[in-house]
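# Coordinate inspection notes
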Amino acid sequence: AQRVTQPEKLLSVFKGAPVELKCNYSYSGSPELFWYVQYSRQRLQLLLRHISRESIKGFTADLNKGETSFHLKKPFAQEEDSAMYYCAPPAGGTSYGKLTFGQGTILTVHP
Amino acid sequence: DGGITQSPKYLFRKEGQNVTLSCEQNLNHDAMYWYRQDPGQGLRLIYYSQIVNDFQKGDIAEGYSVSREKKESFPLTVTSAQKNPTAFYLCASSATSGGSYGYTFGSGTRLTVV
């Protein structure tokens, strides 16, 4: 089955500490993955996509085909990073429909 | 500004009533989706539509219905058959033709059964 999983529902770190939000996938074909973020009282928004290989708000994510993972990392967490994070397959194209989001990870960054 | 508009922001429903949540987009996206967000359960897909006049059930379609008469609009009706309708509902859209696309989300509707 094609699936995206996030093993951690909750993750707490202190400000300035490194943070890694885990995402694993089981896919047939070439995997394409995204990270979305939902800050308090804001709409869910795209954070980054693996194709662009961008660094957004200090976050990066590398697709590791050997480990079938797409973990989200930031070397120094900030309090404003506290949010819900979702890992997800692409919408539309060849992977639309029932491919759904990971379960989400709530990140709390303590002062 | 291009985007997705969901209305209303808050909705209260009496038990046994049907209610309809509105979702409109002006992004010219072909595909639209409805998700339900519950604490501790992430996002669960209710229905999706890739083209006008066509839609498919997601993982939790029971007790819900949709229509897609216009490209811009994808309303969701929560029927009295939905056993636990109190939740936060998110509408999304995406392009579909070629390439790999992300979702654009609305700001959500919080439905409460009273």
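Reading the values: the criteria
- Residues numbered from 1 in each chain as written.
- Chains lettered and ligands numbered in written order.
- Predicted model: local features only at pLDDT ≥ 70, side-chain atom pairs only at ≥ 80, totals over all residues.
- Heavy atoms only, no water.
- Phe/Tyr/Trp six-rings, centres within 6.5 Å; stacked < 30°, edge-to-face > 60°.
- Helix = DSSP H or I, 4+ residues; strand = E, 2+ residues; numbered from the N terminus.
- Buried < 20%, exposed > 50% of the residue type's maximum accessible area, 1.4 Å probe, protein only.
- pLDDT = per-residue confidence, 0-100.
- Contact = heavy atoms within 4.5 Å.
- Pairing = 2+ DSSP bridges.
- Salt bridge = Lys/Arg side-chain N within 4 Å of Asp/Glu carboxyl O.

### What about the packing of aromatic side chains?
Residues and elements named next belong to chain B. Under the definition given, this model contains 15 aromatic pairs over all chains. Taking the centre distance of 4.8 Å and the plane angle of 65° together, the rings of Y33 and Y103 count as edge-to-face. Residue Y33 is found in strand β4 (residues 31–38), and its partner Y103 is found in the loop between β9 (87–94) and β10 (104–105); the two are separated by 70 residues along the sequence. Take Y33: its relative accessible area is 1%, and that puts it in the buried class. Its relative accessible area of 4% is what places Y103 among the buried residues.

### Details of the confidence of the model for chain A
The predicted model of chain A has a mean per-residue pLDDT of 85, with 87% of residues at 70 or higher. Predicted confidence is poor over residues 93–97 of chain A, with pLDDT under 50, and the contacts of this stretch with residues over four places away or in other chains come to ten contacts.

### Considerations on unusual backbone geometry
With an omega dihedral of -5°, the bond running from S7 of chain B to P8 of chain B counts as a cis peptide bond. Of note, N28 of chain B is a non-glycine position whose phi angle comes to about 60°, a positive value.

### Description of the pairing of strand β9 (residues 83–88) of chain A
All names here are of chain A. Counted residue by residue, β9 has six buried out of six residues, so it is predominantly covered. Examined bridge by bridge, strand β5 (residues 34–38) and β9 share five bridges and lie antiparallel to one another. The residue of β9 that forms the bridge with F34 is A88. For β9 and strand β10 (residues 105–110), the ladder comprises three bridges, and the chain directions are antiparallel. If you follow M84 over to β10, its bridge partner there is I106.

### What about the pattern of salt bridges?
Close approach of charged atoms allows side chains of opposite charge to pair. Summed over all chains, the structure comprises six salt bridges over all chains. With a shortest N-O distance of 3.6 Å, K73 of chain A and E20 of chain A are connected by a salt bridge. With K73 of chain A in strand β8 (residues 72–74) and E20 of chain A in strand β3 (residues 19–21), this pair connects stretches of sequence that are 53 residues apart. Looking at K73 of chain A, the relative accessible area reads 41%, which means it is partly exposed. Residue classification places E20 of chain A among the partly exposed positions, given a relative accessible area of 28%. As a salt-bridge pair, D38 of chain B and R44 of chain B come within 2.9 Å of each other at their nearest N and O atoms.

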